[in-house]
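This is what each chain is made of:
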Amino acid sequence: MSHDHAKMMMGGGADSDTAMPGMSMPSKNGSFGGHMMMMYFHTMLSDYVLFKPFLVTIAGGMVGACLVIFVLAALYEGLKVLREHLLIANAVGRRAGQNGAGASFVPDGTQPETYVPKGRDLAMLSGAHALQTGLHALQISLSYALMLVFMTYSVWLCLAVILGSTLGYFLFGWLRRTTIDISEHCH
């Protein structure tokens, strides 16, 4: 028994008039408009990087894409550390201002470096919370973009994500004040 998934999804195959406008339906050989979507790790150079205009077809293009992905993955790790530092600095500053204590005041008596602020330490309508919200949106976007890059199954792009994240952790991870990452979205 033959299974044609294109017919099952849209009611027709690549030659069907029932395909949605703007959608590239797979032909009988599984390609999408001449570009094969591989669902396994591969080393081919022909791959889309997140958007249709970013089709990499030459080695120089793949090297450039890998460099950009590498830098974004490293900056993603730095962004997580930045958000943590801003959160703790704001919470410690607010507590110190409320109680008239010095900048090293922490409510539970621990050192400021190990203090993890609670949700009540940030005011919802403060500039610090607005900044944290914007950085959170950026972190989510970057996290899911890196995940989608990895899902291209291009060995080169996957290595760029892994090595960039590794370098980012090396550069920024030692600055972390907590060991549990509760703000991670894709692992």
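Every value quoted in this text rests on a predicted model; they were computed, and no experiment measured them.

Scoring rules and cut-offs
Residue numbering note: each chain is counted from 1, following its sequence as written. Given that this is a predicted model, residues contribute local features only at a pLDDT of at least 70 and side-chain atom pairs are listed and counted only at 80 or more, while totals for whole chains, interfaces and linings are drawn from all residues. To obtain the side-chain values, all non-hydrogen atoms of the structure were included, while hydrogens and water were left out. By this definition, two strands are paired if DSSP reports at least two bridges between them. Secondary structure counts use DSSP, requiring at least four H or I residues in a row for a helix and at least two E residues in a row for a strand, with both numbered from the N terminus. By this rule the span expected of a helix is its residue count minus one, scaled by 1.5 Å. Whether a residue is buried, partly exposed or exposed follows from its accessible area with a 1.4 Å probe, protein chains only, as a fraction of its type maximum: under 20%, in between, or over 50%, in that order. Read the arc as the range of directions from the helix axis to the C-beta atoms. Each patch is built from salt-bridge-free residues with over 30% relative accessible area, joining like charges within 9 Å and nonpolar side chains (Val, Leu, Ile, Met, Phe, Trp, Tyr) within 5 Å. Method for areas: the Shrake-Rupley scheme with a 1.4 Å probe, in which residue coverage is limited to the protein chains shown. The salt bridge criterion pairs a side-chain nitrogen of Lys or Arg with a carboxyl oxygen of Asp or Glu, the two atoms within 4 Å.

(A) Structural view of the pairing of strand E4 (residues 51-56). Where strand E3 (residues 47-49) and E4 come together, 3 bridges link them in antiparallel fashion. Paired with Val49 across the two strands is Phe51, which belongs to E4. What sits between E3 and E4 in their antiparallel hairpin is a turn of 1 residue, with Leu50 showing a positive phi close to 70°.

(B) Local environment of helix H4 (residues 155-172). An ideal rise of 1.5 Å per residue puts 26 Å on 18 residues; H4 measures up with 25 Å between its terminal C-alpha atoms. Of the positions making up H4, those classed as buried are Leu157, Cys158, Ala160, Val161, Gly164 and Gly168. The buried residues of H4 occupy an angular sector of 155° when projected down its axis, which confines them to one face. In H4, the exposed positions angled more than 90 degrees off the buried face are occupied by Tyr169 and Phe170.

(C) Layout of helix H3 (residues 127-150). Taking 1.5 Å per residue, 24 residues should reach 34 Å; H3 reaches 35 Å between its end C-alpha atoms and fits that length. Restricting attention to buried positions, one finds in H3 the residues Gln132, Leu135, Gln139, Leu142, Ser143, Leu146 and Val149.

(D) Representation of a nonpolar patch on the surface in the model. Side chains of Leu50, Phe51, Phe54, Tyr144, Met147, Leu148 and Met151 sit close together on the surface and give an oily, nonpolar patch of about 670 Å² of accessible area. For the nonpolar patch, the secondary structure elements donating two or more residues are E4 and H3. No other element matches H3, which puts 3 residues into the nonpolar patch. Position of Phe54 among the secondary structure elements: in strand E4. Note on Phe54: relative accessible area 47%, which makes it partly exposed.

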